[in-house]
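# Summary of the model geometry
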Amino acid sequence: MARREHVQIKTDGEIAKMRVAGLVVARTLAKLRAAVEPGVSTADLDAVAEKAIRDEGAIPSFKGYQGFPATICTSVNNEVVHAIPQRKRVLREGDLISIDCGAIVNGWHGDAAITVPVGAVAQNLLEMTEACEQALWRGLAAAQLGGKLTDISAAVERYVHPLGYGIVDHYGGHGIGTEMHQPPHVLNHGRPGRGIRLVEGVALAIEPMITLGRPDTAVLDDDWTVVTTDGSFAAHTEHTVAVTSRGPWVLTELDGGVAKFAELGVACGQPAQSSAA
Ligand code: MG
Ligand code: MG
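Here is what the cut-offs are and how they apply
- Residues numbered from 1 in each chain as written.
- Chains lettered and ligands numbered in written order.
- Predicted model: local features only at pLDDT ≥ 70, side-chain atom pairs only at ≥ 80, totals over all residues.
- Heavy atoms only, no water.
- Buried < 20%, exposed > 50% of the residue type's maximum accessible area, 1.4 Å probe, protein only.
- Helix = DSSP H or I, 4+ residues; strand = E, 2+ residues; numbered from the N terminus.
- Contact = heavy atoms within 4.5 Å.
- Pairing = 2+ DSSP bridges.
- Axes fitted to C-alpha atoms, helices over the stretch in contact; angles between N-to-C directions.
- Donors = N, O, S within 2.8 Å, 3.2 Å for Na, K, Ca; no water.
- Patch = residues over 30% accessible without salt bridge, like charges linked within 9 Å, V, L, I, M, F, W, Y side chains within 5 Å.
- Areas by Shrake-Rupley, 256 points an atom, 1.4 Å probe, with all protein chains shown as cover.
- Salt bridge = Lys/Arg side-chain N within 4 Å of Asp/Glu carboxyl O.

## Here we look at helix 4 (residues 149–160)
- Those residues of helix 4 lying buried are Leu149, Thr150, Ile152, Ser153, Ala154, Ala155, Val156 and Val160.
- Elements in contact with the buried residues of helix 4: helix 3 (123–141), strand 6 (166–167), strand 8 (182–186), strand 9 (203–206) and strand 10 (209–211).

See the structure below:
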């Protein structure tokens, strides 16, 4: 951990390019959210995602990444992240699915994930899904100029811990830019005030993963699917955010974070002149 990792600092122009990729991801996830229903297979969702991304002239980030065979990760119920879409995995009423999606435009990446209930689901699953979303936005709001990396980690933990959910420790967020995964690693827990300084042009994917039970995970024999070892259900949400002088700009949210940050009383870093972008 003593090794200083190189963090790619983006220019305003490069962040604007990442915004283009982020919007492709945002629109694709909106289509996927609408497509989730009982009877749909995770392979069906993958087809929706690949078409949506390629129709915009973008490239799926995940397909071929370290041999990953699909456009999205579709992690159902006790699967936490990285599950491979499959024809035989048909969604049923009461399931909870996390969909993780990445796209590349002109060499720049966007990466985001949503957790979506399938039909009517148990109240405790809805509550966990909402908690994961809220934790994500607390983390995004902490991506403030002049702060430190683990201010984000601490903000996520501070929200989740009192609610009693497990916080998955083994996976987390990451720097993002001309590669999907760059330094630094972004933990979902820890003390604030540590790690890299958040300067203008830092871009991060923040992604809390929480469980109804223990936070411990294992990887299945397919070498991808991460599951909870106690079988408890999990939720996962993610956005790509840029640190700007005006505040955090959520590159994978359609409005850049304006509405959610207003609820939290946080200034949004989206440039005023690009409100339509
Ligand atoms: Mg992701
Ligand atoms: Mg990610």
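Having seen it, we continue.
## Structural notes on the pairing of strand 9
- The alternating pattern of strand 9 places Ala203 and Ala205 on one face and Leu204 and Ile206 on the opposite face, and all of these are buried.
- In this structure, strand 7 (residues 173–175) lies alongside strand 9, joined through two bridges in antiparallel fashion. Considered in strand 9, the bridge of His174 is made with Ala205.
- Looking at chain direction, strand 9 and strand 14 (residues 239–244) are connected through four bridges and run antiparallel. By the bridge assignment for strand 14, Leu204 is matched with Val241.

## Topic: the sheet that holds strand 12 (residues 226–228)
- Strand order across the open sheet formed by three strands is 3-12-11, with antiparallel pairing between neighbours. Two strands in the sheet have a free side with no partner beyond their single neighbour: strand 3 (79–81) and strand 11 (217–219). With direction set aside, neighbouring strand axes in the sheet form an average angle of 40 degrees.
- Examined bridge by bridge, strand 3 and strand 12 share two bridges and lie antiparallel to one another. From the neighbouring strand, Glu79 faces strand 12, where its bridge partner is Val227.

## Notes on the coordination of the magnesium ion (ligand 1)
- Binding of the magnesium ion (ligand 1) to the protein goes through Asp100 (OD), Asp100 (OD), Asp111 (OD) and Glu238 (OE), at separations of 2.0 to 2.6 Å.
- Positions of the donor residues of the magnesium ion (ligand 1) along the chain correspond to the pattern D-x10-D-x126-E.
- Here the magnesium ion (ligand 1) and the magnesium ion (ligand 2) are spaced 3.1 Å apart, and both take Asp111 as a donor. A residue pair is termed long-range when its members are at least 10 positions apart, and Asp100 in strand 4 (residues 96–105) and Asp111 in strand 5 (residues 108–117) qualify at 11 residues.

## Topic: a nonpolar patch on the surface
- A contiguous nonpolar surface patch, about 230 Å² in accessible area, is contributed by Ile9, Leu145 and Val199.
- On the secondary structure map, Leu145 appears in the loop between helix 3 and helix 4.

## Observations regarding the sheet that holds strand 15 (residues 247–250)
- What the five strands build is an open sheet, ordered 8-7-9-14-15; its pairing is antiparallel. Only two strands of the sheet have a single neighbouring strand rather than two, namely strand 8 and strand 15. Ignoring which end each strand starts from, the neighbouring axes of this sheet average 25 degrees apart.
- With four bridges connecting them, strand 14 and strand 15 associate as antiparallel partners. Paired with Ala242 across the strands is Trp249, a residue of strand 15.
- On top of the sheet, helix 1 (residues 12–35) reaches strand 9, strand 14 and strand 15; it is set at about 40 degrees to strand 15, its chief contact.
- On top of the sheet, helix 4 reaches strand 8 and strand 9; it is set at about 35 degrees to strand 8, its chief contact.

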